[in-house]
Amino acid sequence: MTTPQQYDAAALLASPVRRLLVDVLETSAADSPQGLTAAELAPQADLHVTTVRFHLDQLVAAGVLESEFVRTGGAGRPRKVYRPLPPATPTGAGHPEPLRLLTTLLTEAMTASVQGERITPYEAGRRWAREHLTDHPERTPADSAGVWLGRVGEVIDVLEDWGYQPEVSTSEGGRAARVELSDCPFLDLARDNQAVVCGVHRGLVAESMVMSGESGAQVALEPFVTDTRCVAHIRTTTPFRAS
């Protein structure tokens, strides 16, 4: 049996054809809880059944779909049906698994692109933050190291929800934060698609700071400082009050 790989799933779901197949299965789940066959899906994808079966089996191997052989009565051959996996088990404080977060974001970006809206990976990450995080428009930019690091801490929580294990150090009297991101949950995908994955996460960090009240924060992402670690640099541009 093939072991599901996170990077395989994310890469596969970047394909409009495979995403269409997943969308059709999710939409039909209520009426066809057992799932659909490749032959039933082929007309909706306007593809030959063999091609559809190839895409479906890749999605099963990547852990996006599940399949089984079922009998509909009689002694006929069993039908191989495909269906979405059950909803992901939440991790942490009720947040979906990191793969689900990234694939959802990529799907939304792809859908917008199909509709004629140009979305870069950086903007996709920013959009996710705007749609899922709490905005704090009443806040003024931090005027002390303690308040500033509290805002950075909110971003750390977001990164942990995305599956990272951030380690933070500061410099410049607390004005600059160095966030080491070890063991990226999308490491293999990032090696093959650095601009996409790193762009998404730079946008995620940048807009998370905006949502926390730090619209003037400077954010840079330094990919692959080692084989398994990236570094986010976050710096405030607001002067701290005199102590």
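Look above for the structure.
Computed from a predicted structure; not experimentally measured. (Residues numbered from 1 in each chain as written. Predicted model: local features only at pLDDT ≥ 70, side-chain atom pairs only at ≥ 80, totals over all residues. Heavy atoms only, no water.)

Examining the pattern of salt bridges
So, step 1. Taken as a whole and judged by the stated rule, the model has 16 salt bridges.
So, step 2. A salt bridge links E214 to R151, with the nearest nitrogen and oxygen atoms 2.6 Å apart. Of this pair, E214 sits in the loop between helix 9 (194-211) and strand 5 (218-226) while R151 is found in helix 7 (residues 145-161), placing the two residues 63 residues apart along the sequence. Of the two residues, E214 and R151, both sit in the buried class.
So, step 3. Connected through shared salt-bridge partners, E123, R126, R130 and E207 make up one network. (Salt bridge = Lys/Arg side-chain N within 4 Å of Asp/Glu carboxyl O. Helix = DSSP H or I, 4+ residues; strand = E, 2+ residues; numbered from the N terminus. Buried < 20%, exposed > 50% of the residue type's maximum accessible area, 1.4 Å probe, protein only.)

Looking at the side chain of T236
So, step 1. Note that T236 resides in the segment after strand 6 (229-235).
So, step 2. By relative accessible area, T236 is classed as buried at 1%.

Overview of the packing of aromatic side chains
So, step 1. Taken as a whole and judged by the stated rule, the model has one aromatic pair.
So, step 2. Ring plane angle 80 degrees and centroid distance 5.2 Å describe the contact between W128 and W162, whose orientation is recorded as edge-to-face. Note that W128 is positioned in helix 6 (residues 121-132) and W162 in the loop between helix 7 and strand 3 (165-171), a separation of 34 residues in sequence. In this pair, the class of W128 matches that of W162, namely buried. (Phe/Tyr/Trp six-rings, centres within 6.5 Å; stacked < 30°, edge-to-face > 60°.)

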